[in-house]
Amino acid sequence: MSARKATKKKAATKKTTGKAVKKAARKKTAGKKKSAAKKKAAAARKSAKAAAAKAASQRKVFSFGGGKADGHAAMKEVLGGKGANLAEMTSLGIPVPPGFTISTEVCAEFNHRGGKLPPSVKADVLTALANVEQLMEMRFGDPERPLLVSIRSGARASMPGMMDTVLNLGLNDSTVAGLAKLADERFAYDSYRRFIQMYGDVVLGVPHDRFEQRLDAAKEDRGVENDTELTGADLRRVVSDYLQIVEETTRAPFPQDPLEQLWGAIGAVFGSWENARAIAYRRLNDIPDEWGTAVNVQSMVFGNMGDNCATGVAFTRNPSTGEKNFYGEYLKNAQGEDVVAGIRTPQPINEASRAEDTKHLPTLEAEMPKAYKQLVAIYKRLEKHYRDMQDIEFTIQDGTLWMLQTRAGKRTTGAAVQIAVDMAKERLITKEEAISRIEPNSLDQLLHPTIDKDNAPEVVARGLPASPGAAVGQVVFSAEDAEAKAKGGAKVILVRTETSPEDIVGMNASEGILTAKGGMTSHAAVVARGMGKCCVAGCGQLLIDYERGTMRVGELVVNAGDWITLNGSTGEVMLGQAPTVMPELGGAFSELMRWTDKIRQLKVRTNADTPQDAEVARSFGAEGIGLCRTEHMFFEPGRILAVRQMILASNAADRDTALAKLLPMQRGDFEGIFRAMDGLPVTVRLLDPPLHEFLPQTEEDIQAVADSLGRSIGDVRHALESLHEFNPMLGHRGCRLGITFPEIYAMQVRAITEAAVSVAAAGVRVKPEIMIPLVAHEKELQKLRKLSEDVIAEVRKENPGTRVKPIIGTMIEVPRAALTADRIADHADFFSFGTNDLTQMAYALSRDDAGSFLPDYVDGGLIDADPFVSIDADGIGQLVRLGAERGRATRPNLKLGVCGEHGGDPASVRFFAEVGLDYVSCSPYRVPLARLAAAQAAVGQAESDA
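Residues numbered from 1 in each chain as written. Predicted model: local features only at pLDDT ≥ 70, side-chain atom pairs only at ≥ 80, totals over all residues. Heavy atoms only, no water.

## Considerations on the overall build of the protein
Now for step 1: Assigned secondary structure in the protein consists of 36 helices and 32 strands.
Now for step 2: Principal-axis analysis of the C-alpha atoms gives the protein an extent of 120 × 105 × 55 Å.
Now for step 3: In the protein, the share of contacts with a sequence separation of at least 24, taken over all contacts with a separation of at least 6, comes to 68%.
Now for step 4: The centroid of the 119 positive side-chain charges in the protein is displaced by 17 Å from the centroid of its 122 negative side-chain charges. (Helix = DSSP H or I, 4+ residues; strand = E, 2+ residues; numbered from the N terminus. Contact = heavy atoms within 4.5 Å. Lys, Arg positive; Asp, Glu negative; His and termini not counted. Charge placed at Lys NZ, Arg CZ, Asp CG, Glu CD.)

Below you can see the structure in the form of structure tokens.
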């Protein structure tokens, strides 16, 4: 290339490069401007969001209606679940009667002010009420076109039936006439009598039964069965009598001023947050007292104006089975409480909702096809929007559909698992979300025996299969009796004509619930499903006599205390105690468990002392045994005498003789367990409890020991007295026994090692782990490890070629051990935190005696939970954390586990995962829930790291 061409090319390259640089510079400048614009927009959005949040925090009353709403679904803390969802549905363009929500914050103010609303809130309520009047083109208190409203509670967590509701508020002697002109007399006075009854009960404290007795008398006078058969004139007389009942009871006339009614009802609903049943429900479901409830004031729409009106409750999927079927009930010419009260048998909304006793009833789909089609479109939209199964309430007025509520539907555990798995497959939610939606403790419903149909007693009655499972118990007819008898250890079944929210504690105490009235969405059904209790509802064949304490089915009389069996999956009622069988777990449950195992990092072992327990646990997914208690084996009738001979022996020779009898028994025990856990680790704890637990108590047993030892009863009694301890749980137990009587621990180590060698020779993949309990000082473990290693070496020498070599670790259950874990780790292959004793010692509590006063601590808010049930993360948990950190500082690969009862508590499992333990160990039936809790912990950790 010539110099000239080279110069020209260089100039061109320089020019091109210059253009590229300028272009890059322009691009960079544009990028900076774009980035700055993005940041400015993000800052503006953040500022707007902050301003909106500030405005929302200052606002106490939030309106919704006409396609616009002040709130949205994410504001449950402020608006409660119902208010937030009403606002969300309104914004989605779904037909919702207009209204407004008074925030949960006002609940606290109301109670703080001694049951009075702040004046500013009253002013905001009147402004919001005027907006509802404008949207409905009616006026509150207007005798010509009266606006009527409902007053409902709405906490951020669903509490069905626990708080109060008032419907048809705004009716009085004048407005009822205006309502009659708009519709008809019968409808107007039916609405008025309902309002007086609800307001009288909820606000004025007039017993509900007084109104019901008068209504029953009116039906009897007319010779009719249902209140829908009463005429307008009949209901006018009922209203007159209701007003008289109120005045007689309260010594004041029923309030006629609609505003007085409004303030009274709002106050009563706020006040119902503190009623006994709401408090009990919160305790049962861990709902904080400080949350409070919101109050929703909403314009009334009427399902009781005639045969082209209806009201109903539906679920977007079957709440009992989880099947993807639209499922629900409705009543024509009725108001909402009629559906759940069980006064009339509800009709199915479609063929998929039919039950045995509703075969003859027409469906909503057949009777009101246009409204049903609209309802289907709405339910599909709501489920897709909320990405969860919805429980919806609706009213049809003059053929027009209105949505009154949507919320995540209560469901059985089986249904919850099925729905979560199906929705993940439908890609509505992720697998991680599916895992997070199942409450681990609820899995107990799926893991316990069901009725053996091949050997079940005769079926004496049938109702609706309201909540699945089996329940066997003695009949009680009141919630109080259920609670009292259950506390005494009895298994009871609560039998009621229908349940009410006041029965909540008795329902929780019962094995199952049986009602004569009510449908699949009745109070009994909804609450039982939420609790995981078996329930048969609407068993119309039952005639219950509370005074006599009897339940009659035809000629059969069942008395209080008699045994019955319920099959909540079929609705069958059986006389006597039915045998049960183990459930077969498969399908959705197995799939969900497979997902959990792929996500979780924490291993799950089981506490098992027999091959049978080990097999059950393994079938539930246990990945080994974290605690095999050798002392449980000592109590068997064939060996307890040898144990007592060992303890009471006066010399080493006699003790060796007794131990020689026990060695083959222990070896056989371990062989069976090792076989059941083929390929999985088995941690065997050496003898732990104080010796007094094994000693004879009766004259007969003392004589038997004396005879076997060739000693007098006097000598044996003296030996028993010498072993007496004032505080045996802090006395001569655990590793202290091994220090004092090394031959006991040597026998056990030999039995473990010989059993492992024996089964390994037969092809079993055995992984034995020897655990030394109650170590407080590193020298205790050092000494006993040396003893154990010597015995293991002897057995290995006796069995040349064996590869069996148990590892040796200790329980960290004494606070000093946790504090000195770095030194103890020098002598341990693993730690297993014994959180039962660790809690007992660090709290200075006896777990056997604390039950008499710990509930007062929980109920009084001194502690959040019983520390023996759920780990005290701030106290005992810090000992676990410290022990783990110090142990691994000495030995980085130190295996860490937990073998206390906390290993099966979901909240504790999440804490142990966060601390970084390798495994938890729990009872066999808790293994699946521990697996689920471990997976949820992993999901939560991933979310927090993101």
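## What to know about unusual backbone geometry
Now for step 1: A positive phi angle is found at N333, which is not glycine, with a value near 50°.
Now for step 2: For N333, the location among the structural elements is in the loop between β8 (327-332) and α11 (336-341).
Now for step 3: Classification of N333 by relative accessible area gives buried; the value is 15%.
Now for step 4: Despite not being glycine, A844 shows a phi value in the positive range, around 55°.
Now for step 5: Of note, A844 is situated in the loop between α32 (835-843) and α33 (854-859).
Now for step 6: Overall, A844 belongs to the exposed group, its relative accessible area being 69%. (Buried < 20%, exposed > 50% of the residue type's maximum accessible area, 1.4 Å probe, protein only.)

## What about the pattern of salt bridges?
Now for step 1: Overall, the coordinates contain 58 salt bridges when judged by the stated rule.
Now for step 2: The salt bridge partner of R194 is D190, with a shortest N-O separation of 3.1 Å. Of the two residues, R194 and D190 are both situated in helix α6 (residues 185-202); the distance of four residues between them amounts to about one turn of the helix.
Now for step 3: The class for R194 is buried, based on a relative accessible area of 3%.
Now for step 4: The exposure class of D190 is buried, given its relative accessible area of 2%. (Salt bridge = Lys/Arg side-chain N within 4 Å of Asp/Glu carboxyl O.)

## Some points on a nonpolar patch on the surface
Now for step 1: There is a patch of nonpolar side chains on the surface, built from F853, Y857, V858 and L862 and spanning about 350 Å² of accessible area.
Now for step 2: Position of F853 relative to the elements: it lies in the loop between α32 and α33. (Patch = residues over 30% accessible without salt bridge, like charges linked within 9 Å, V, L, I, M, F, W, Y side chains within 5 Å. Areas by Shrake-Rupley, 256 points an atom, 1.4 Å probe, with all protein chains shown as cover.)

## A closer look at the pairing of strand β26 (residues 625-629)
Now for step 1: For β26, a buried count of five out of five residues is recorded, marking the element as mostly surrounded by other parts of the structure.
Now for step 2: Strand direction decides the pairing type here: β26 and strand β27 (residues 681-685), joined by three bridges, are parallel. In the sheet register, I625 faces β27, and the bridge partner there is V682. (Pairing = 2+ DSSP bridges.)

## Here's the deal with the packing of helix α21 (residues 611-619) against helix α24 (residues 652-676)
Now for step 1: Orientation of α21 relative to α24, taken along the N-to-C sense of each, is 15°, at an axis distance of 8 Å. Accordingly, the angle class assigned to the pair α21 and α24 is roughly parallel. In the packing of α21 onto α24, the handedness of the crossing is right-handed. Taken together, the residues of α24 that come into contact with α21 (itself represented by P611, A614, E615 and R618) are G672, I673 and A676.
Now for step 2: Counted by class, the contact of α21 with α24 contains four nonpolar, one polar and two charged residues. (Axes fitted to C-alpha atoms, helices over the stretch in contact; angles between N-to-C directions. Parallel < 35°, antiparallel > 145°, perpendicular 65-115°, else oblique. Left-handed = near helix turned anticlockwise from the far one by under 90°. Nonpolar A, V, L, I, M, F, W, Y, C, P; charged D, E, K, R; others polar.)

## Comments concerning the packing of helix α14 (residues 413-425) against helix α20 (residues 587-599)
Now for step 1: Close contact between α14 and α20 brings their axes to 9 Å; oriented N to C, the two are set at 65°. For the element pair α14 / α20, the angle class is roughly perpendicular. For α14 against α20, the interelement crossing comes out left-handed. Together, V417, Q418, V421, A424 and K425 of α14 and A588, F589, E591, L592 and W595 of α20 make up the contact between the two elements.
Now for step 2: Broken down by class, the residue content of the contact of α14 with α20 amounts to seven nonpolar, one polar and two charged.

## Focus: empty space enclosed by the protein
Now for step 1: Under the definition given, this model contains two cavities of 30 Å³ or more.
Now for step 2: Quantified by volume, the largest cavity comes out at close to 110 Å³.
Now for step 3: What lines the largest cavity is a set of 15 residues, and nearest its centre among them are R152, M300, V301, T395 and L404.
Now for step 4: Listing elements by their share of the lining of the largest cavity, those giving two or more residues are β4 (149-155) and β6 (293-299).
Now for step 5: Here the residues of the lining of the largest cavity are counted per class, giving six nonpolar, eight polar and one charged.
Now for step 6: If you add up the space inside the second largest cavity, you get close to 30 Å³. (1 Å grid on protein atoms, 1.4 Å probe; cavity = no way out; pocket = protein on both sides within 12 Å on 5 of 7 lines; lining within 4 Å. Points joined across faces, edges and corners; volume = space filled by probe spheres on them.)

## Topic: the nonpolar core
Now for step 1: Counting residues in hydrophobic clusters, the biggest one holds 129 residues, and the most contacted among them are V417, L443, F670, F674, I772, F831 and L917.
Now for step 2: Of all the elements, helix α28 (residues 742-761) adds the most residues to this core, at ten residues.
Now for step 3: Those residues in contact with I772 that sit more than four places away from it in its chain are L686, C735, Y745, L781, L784, R785, S788, I808, G809, T810 and M811.
Now for step 4: Within the second largest apolar cluster, 84 residues are counted, among which are M162, V239, Y281 and F302. (Core = buried A, V, L, I, M, F, W, Y, C linked by side-chain atoms within 4.5 Å.)

## Section: the pairing of strand β23 (residues 572-575)
Within a regular strand, the side chains alternate between the two sheet faces.
Now for step 1: Here three bridges tie strand β13 (residues 459-462) to β23, and the two strands are oriented antiparallel to one another. Considered in β23, the bridge of V459 is made with M574.
Now for step 2: Note that strand β22 (residues 563-567) and β23 share four bridges and pair antiparallel. Bridge assignment links I564 to a residue of β23, and that residue is L575.

## A closer look at the sheet that holds strand β21 (residues 556-559)
Whenever strands of a sheet pair, they do so through backbone hydrogen bonds, lying parallel or antiparallel.
Now for step 1: Spatially, three strands are ordered β19-β20-β21 in an open sheet, and the strand pairing comes out antiparallel. The open sheet has two free edges, formed respectively by β19 (542-545) and β21, since each of these has just one partner strand. Averaged over neighbouring strand pairs, the angle between their axes works out to 20° when direction is ignored.
Now for step 2: Bridge count for strand β20 (residues 550-553) against β21 is four bridges, and the pairing is antiparallel.

## So, helix α8 (residues 232-250)
Now for step 1: Given a rise of 1.5 Å per residue, 19 residues ought to cover 27 Å, and the 27 Å separating the end C-alpha atoms of α8 matches this to within 8%.
Now for step 2: All buried positions along α8 are accounted for by G232, D234, L235, V238, V239, Y242, L243, I245 and V246.
Now for step 3: On its buried face, α8 is in contact with α6 and α7 (208-222).
Now for step 4: One or two residues past the end of α8 sits R251, with phi positive at roughly 60°. (Expected span 1.5 Å × (residues − 1).)

## Quick look at the packing of aromatic side chains
Now for step 1: Enumeration according to the criterion identifies twelve aromatic pairs in this entry.
Now for step 2: With centroids separated by 4.9 Å and ring planes inclined at 85°, the aromatic side chains of F187 and F302 adopt a geometry described as edge-to-face. On the criterion of sequence distance, the pair formed by F187 in helix α6 and F302 in the loop between β6 and β7 (310-315) is long-range, its members being 115 residues apart. Judged on exposure class, the residue F187 and its partner F302 are both buried.
Now for step 3: Ring pairing ties together the aromatic residues F195, Y199 and F254, which thus form one cluster. (Phe/Tyr/Trp six-rings, centres within 6.5 Å; stacked < 30°, edge-to-face > 60°.)

## Re the environment of A760
Now for step 1: Within the element layout of this structure, A760 appears in helix α28.
Now for step 2: Leaving out residues up to four positions away in the same chain, A760 has contacts with V766 and V804.

## Thoughts on the sheet that holds strand β15 (residues 470-476)
Now for step 1: Sheet architecture is open: eight strands sit in the order β13-β23-β22-β15-β16-β17-β18-β14, paired in mixed fashion. Whereas interior strands pair on both sides, the edge strands pair on one side only; in this sheet they are β13 and β14 (464-467). The average angle at which neighbouring strand axes cross in this sheet is 30°, direction not considered.
Now for step 2: As paired strands, strand β16 (residues 492-496) and strand β17 (residues 512-515) are joined by four bridges and run parallel to one another. Counterpart to L494 in the pairing with β17 is I513.
Now for step 3: Across the sheet, helix α17 (residues 479-487) is in contact with β15 and β16; its angle to β16 comes to roughly 175°.

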